[in-house]
Amino acid sequence: MTTRCDSCRDRVDVTTCAYCLVRFCDPCRAVHERYAHEGRFPVKKVDVDVGGTYAAKVSDRLVPVRIDRENYYGGWDATNLRTDRVIRVRTAQRLWFPVQQDSDGKWKQVRT
């Protein structure tokens, strides 16, 4: 499809990024996929630690959650750290990346 690239604004054939739904031409898409989504893909089940803090998709928002325990029926019981509500994380795909709180109180991604 010929339309404008959202990055360089050239009128060329574009494709849409599957994760952020932005349109890119081929050169811009290569740069975007390398830097924008580095380390932001869903966590694998074997990488989830009880007691760890992760960014999770909850009600269409990315929020920090603390994994409290494994659930008997599968998944984990976690606490949303923005609202202090207990949630159930059924699959590891809802967890995006590990986070920790810095001295300013903001949540930052932990690079592994």
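Numbering of residues begins from 1 in every chain and follows the order in which that chain's sequence is written. The predicted nature of this model means local features are confined to residues of pLDDT at least 70 and side-chain atom pairs, given and counted, to a pLDDT of 80 or more, with totals for whole chains, interfaces and linings taken over all residues. Hydrogens are left out, water is left out, and the side-chain values use all remaining heavy atoms of the structure.

Focus on the packing of aromatic side chains
Then comes step 1: Ring pairs are drawn from Phe, Tyr and Trp, using the six-membered ring of Trp, whenever the two centres fall within 6.5 Å, and their geometry is named by plane angle: stacked under 30 degrees, edge-to-face over 60, tilted for the rest. Applying the stated rule across the entire model yields one aromatic pair.
Then comes step 2: An angle of 90° between the planes, with centres 5.0 Å apart, marks the rings of Tyr72 and Tyr73 as edge-to-face.
Then comes step 3: Think of it in three bands: residues with accessible area under 20% of the maximum for their type are buried, residues over 50% are exposed, and the middle band is partly exposed, with areas taken using a 1.4 Å probe on protein chains only. Accessibility expressed as a relative area gives 76% for Tyr72, which makes it exposed.

A closer look at the side chain of Asp77
Then comes step 1: Checked against the element boundaries, Asp77 lands in strand β7 (residues 76-80).
Then comes step 2: Polar contact is defined as a pair of N or O atoms within 3.5 Å, subject to the rule that within protein one atom must be able to donate a hydrogen and the other to accept it, and that residues adjacent in sequence are counted only when both atoms are side-chain atoms. Looking at Asp77, its side chain comes within polar contact range of the side chain of Asn71, at 2.9 Å. Secondary structure elements follow DSSP: runs of H or I no shorter than four residues count as helices, runs of E no shorter than two count as strands, and numbering proceeds from the N terminus.

Here we look at the pattern of salt bridges
Then comes step 1: Criterion for a salt bridge: a side-chain nitrogen of Lys or Arg within 4 Å of a carboxyl oxygen of Asp or Glu. Overall, the coordinates contain two salt bridges when judged by the stated rule.
Then comes step 2: A salt bridge links Asp68 to Arg66; the nearest nitrogen and oxygen atoms lie 3.2 Å apart.
Then comes step 3: The exposure class assigned to Asp68 is partly exposed, which follows from its relative accessible area of 25%.
Then comes step 4: Residue Arg66 is classed as partly exposed on the basis of its relative accessible area of 34%.
Then comes step 5: A salt bridge links Arg69 to Asp77, with the shortest nitrogen-to-oxygen separation between them at 3.3 Å.

Comments concerning the sheet that holds strand β8 (residues 85-89)
Then comes step 1: Strand order across the open sheet formed by six strands is β8-β7-β6-β5-β9-β10, with antiparallel pairing between neighbours. On the outer flanks of this sheet lie β8 and β10 (107-109), each paired with one strand and no other. On average, adjacent strands in this sheet sit at an angle of 50° to one another, irrespective of strand direction.
Then comes step 2: In short, DSSP must find at least two bridges between two strands for them to pair. Examined bridge by bridge, strand β9 (residues 95-101) and β10 share three bridges and lie antiparallel to one another. Counted as the bridge partner of Val99 is Gln109 from β10. Inter-axis angles, ranging from 0 to 180 degrees, are taken between N-to-C directions of lines fitted to C-alpha atoms, where helices are fitted over the stretch in contact.

Here's the deal with the pairing of β8
Then comes step 1: As judged from the five bridges shared by β7 and β8, these two strands associate in the antiparallel manner. By the bridge assignment, Asp77 is partnered in β8 with Arg88.
Then comes step 2: Counted along the chain from β7 to the antiparallel partner β8, the turn is four residues long, and its residue Asp84 has a positive phi close to 60°.

Notes on unusual backbone geometry
Then comes step 1: Backbone geometry places Asp84, a non-glycine residue, at a positive phi of 60°.
Then comes step 2: The topology assignment puts Asp84 in the loop between β7 and β8.

What to know about the environment of Glu70
Then comes step 1: Tracing the backbone shows Glu70 in strand β6 (residues 61-70).
Then comes step 2: For the pair Glu70 and Asp49, spaced 21 residues apart in the sequence, the C-alpha separation amounts to 9.7 Å.
Then comes step 3: What makes two residues a contact is simply this: any of their non-hydrogen atoms within 4.5 Å. Contacts of Glu70, omitting those with residues within four sequence positions, involve Val50, Gly75 and Trp76.

Focus on the confidence of the model for the chain
Then comes step 1: Values of pLDDT, ranging from 0 to 100, describe the predictor's confidence in every residue of the model. Averaged over every residue, the pLDDT of the chain is 81; residues scoring 70 or more account for 80%.
Then comes step 2: Ranking the elements of the chain by mean pLDDT puts helix α1 (residues 26-35) last, at 69, and β7 first, at 95.

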